[in-house]
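Residue-level structure breakdown
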Amino acid sequence: MSAAVLTCALLCLSIGNASSLCESTAYTLYVERQECAYCVAINTTICAGFCVTRDVNLKSLLPKSALSQSSCTYQDLSYHTVTLPGCPLHSNPSYSYAVALTCRCRKCNTDYSECTMEPLRPSRCTKPPREADSYLGQSNFIQ
């Protein structure tokens, strides 16, 4: 009997972990600007995974507290800045991007998060690739 209980407990734990897996993961962001001559591939981390959601068809019959729809989003993040190569002197060559430090399931805040499946960015470079120069220090300047 104890083997069956142990098996059931392990199965429940594994299903629970698989259904609520939200963690930072490696992501390559391709950045290019029309006025700059090169494309830059930036390796960063983003939040990705699945969160438990309770959203039923009969929403009008239940109180809002019984409904929850959360997404895997940033808990802690920092911003890093790189200098894009090949930009003309009159343009700003700095590009700031978010780096996920920790992630968690919660309501997505559109003020600072992209709440879609995938942001609409090129999946590869259309211009010649080049390495970006790291900006001295970090910046909160976001474009």
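Residues numbered from 1 in each chain as written. Predicted model: local features only at pLDDT ≥ 70, side-chain atom pairs only at ≥ 80, totals over all residues. Heavy atoms only, no water.

1. Comments concerning the overall build of the chain
The secondary structure content of the chain amounts to one helix and five strands. In the chain, which comprises 143 residues, the proportion classed as buried is 22%. Within the chain, contacts between residues at least 6 apart in sequence are counted, and of these 67% link residues at least 24 apart. (Helix = DSSP H or I, 4+ residues; strand = E, 2+ residues; numbered from the N terminus. Buried < 20%, exposed > 50% of the residue type's maximum accessible area, 1.4 Å probe, protein only. Contact = heavy atoms within 4.5 Å.)

2. Quick word on the confidence of the model for the chain
Looking at the chain, pLDDT values average 74 and 59% of them are 70 or higher. Per-element averaging of pLDDT across the chain places helix α1 (residues 2-19) at the bottom with 54 and strand β4 (residues 94-106) at the top with 92. Note that pLDDT drops below 50 for residues 135-143; the model gives that stretch 19 contacts with residues more than four away or on any other chain. (pLDDT = per-residue confidence, 0-100.)

3. Let's talk about the environment of Pro85
Position of Pro85 relative to the elements: it lies in the loop between β3 (71-83) and β4. Separated by 46 residues in sequence, Pro85 and Cys39 have C-alpha atoms that sit 8.2 Å apart.

4. Examining the state of the cysteines
Using the criterion set out here, one finds five disulfides in the structure. Shown here is the disulfide that connects Cys39 with Cys125, its sulfur atoms set 2.0 Å apart. Handedness of the Cys39-Cys125 disulfide follows from its S-S torsion of about -65 degrees: it is left-handed. Here Cys39 is found in strand β2 (residues 39-49), whereas its partner Cys125 is found in the loop between β4 and β5 (133-134), with 86 residues between them in sequence. Each member of the pair, Cys39 together with Cys125, is buried. (Disulfide = S-S within 2.5 Å.)

5. A closer look at the side chain of Thr81
Tracing the backbone through its elements, the reader meets Thr81 in strand β3. With relative accessibility at 6%, the residue Thr81 sits in the buried group.

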